[in-house]
Amino acid sequence: MFTLSKVFWLVFAPGKILVVLLTVGTLLLFTRWRRAGRAVIAAVTAILLLFGIFPVGYAMLEGLENRFPANPPLPETIAGIIVLGGTVNPGLTVDRNQPALTEGAERLTEFIRMGYFFPDARMVFSGGSGSLFRQDLKEAAVVRSLIDSLGFPTERIAFESRSRNTHENAVLTRDLMQPKAGETWVLVTSALHMPRAVGCFRAAGWPNLIPYPVDFKTDGKGELRLGFPRSAE
């Protein structure tokens, strides 16, 4: 399933489809089907305007990010803190010989902050490699080295390094940490990713999960705005 999903997205990613359609439409302009070419180019342009300049894309991002509130209240005692991968680029880290953080680095900084605030909580980083071809580049290894260099005790943290997607994050982390009924766990990941993450973790049987979204791309105010939104990771 992992391989199939990666191949599907590699071929059918919306941006790639638009590029292919634009190329086809341009080529048709130099044939007897130039009218069809103009129609294809006009359709691609309309889609780019709709999702780029008008706030359709921003509103879709905002809807996902507003599913769970920022900075939710936490109990005085929690059993553990889970943070999902997506915080570093393992390939670039190896190439440049220094930690390469992604736009999702807030997942990691909030994870460490919570670790100081809840000194008795169990901690786990879940993230292997989401690459179809480079399963040898594990995000957990990079994060372990980075956290250690920052002075936080890595012996407090369990590192799950086999997961390749969110479903495997939930299942493999559950198997590693063995959460018990009645325990409260905090899940940290990007706000845009949180709805999918919560669905996967609940399906995997995690009890009393508190979603703690970070790395917001929208302000959540629902205001009308024009212009190209920030691209989501």
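Our subject is the structure listed above.
The following refers to the structure shown. (Residues numbered from 1 in each chain as written. Predicted model: local features only at pLDDT ≥ 70, side-chain atom pairs only at ≥ 80, totals over all residues. Heavy atoms only, no water.)

1. Things to note about the overall build of the protein
Then, number 1: Summing up its helical and strand segments, the protein has nine helices and five strands in all.
Then, number 2: Along the protein, from the amino end to the carboxyl end, the secondary structure elements read α-α-α-α-β-α-α-β-α-β-α-β-α-β.
Then, number 3: Counting the 233 residues in the protein, one finds 42% classified as buried.
Then, number 4: For the protein, contacts bridging at least 24 residues in sequence account for 72% of all contacts bridging at least 6.
Then, number 5: Accessible surface, the protein: about 13,300 Å² in total, of which carbon and sulfur atoms supply 62%. (Helix = DSSP H or I, 4+ residues; strand = E, 2+ residues; numbered from the N terminus. Buried < 20%, exposed > 50% of the residue type's maximum accessible area, 1.4 Å probe, protein only. Contact = heavy atoms within 4.5 Å. Areas by Shrake-Rupley, 256 points an atom, 1.4 Å probe, with all protein chains shown as cover.)

2. Description of helix α6 (residues 105-117)
Then, number 1: The terminal C-alpha atoms of α6, which comprises 13 residues, lie 19 Å apart, in line with the 18 Å expected from a rise of 1.5 Å per residue.
Then, number 2: Taken as a whole, α6 has its buried residues at Ala 105, Arg 107, Leu 108, Glu 110, Phe 111, Ile 112, Met 114 and Gly 115. (Expected span 1.5 Å × (residues − 1).)

3. Here we look at unusual backbone geometry
Then, number 1: In this structure, Asn 208 is a non-glycine residue whose phi angle is positive, near 45 degrees.
Then, number 2: Its place among the elements puts Asn 208 in the loop between α9 (194-203) and β5 (209-214).
Then, number 3: Exposure remark for Asn 208: the relative accessible area of 43% places this residue in the partly exposed category.
Then, number 4: Positive phi is not limited to glycine here, since Asp 215 has a value of about 55 degrees.
Then, number 5: Topologically, Asp 215 is positioned in the segment after β5.
Then, number 6: Judged by its relative accessible area of 6%, Asp 215 falls in the buried class.

4. What about the packing of helix α8 (residues 166-177) against α9?
Then, number 1: The N-to-C vectors of α8 and α9 enclose an angle of 40 degrees; their axes lie 8 Å apart at closest approach. By the angle between their directions, the pair α8 and α9 is classed as oblique. In terms of crossing hand, the pair formed by α8 and α9 is right-handed. The segment α8 lies against α9, with Thr 166, His 167, Asn 169 and Ala 170 engaging Arg 196, Ala 197, Cys 200 and Phe 201.
Then, number 2: A per-class count over the contact of α8 with α9 returns four nonpolar, three polar and one charged. (Axes fitted to C-alpha atoms, helices over the stretch in contact; angles between N-to-C directions. Parallel < 35°, antiparallel > 145°, perpendicular 65-115°, else oblique. Left-handed = near helix turned anticlockwise from the far one by under 90°. Nonpolar A, V, L, I, M, F, W, Y, C, P; charged D, E, K, R; others polar.)

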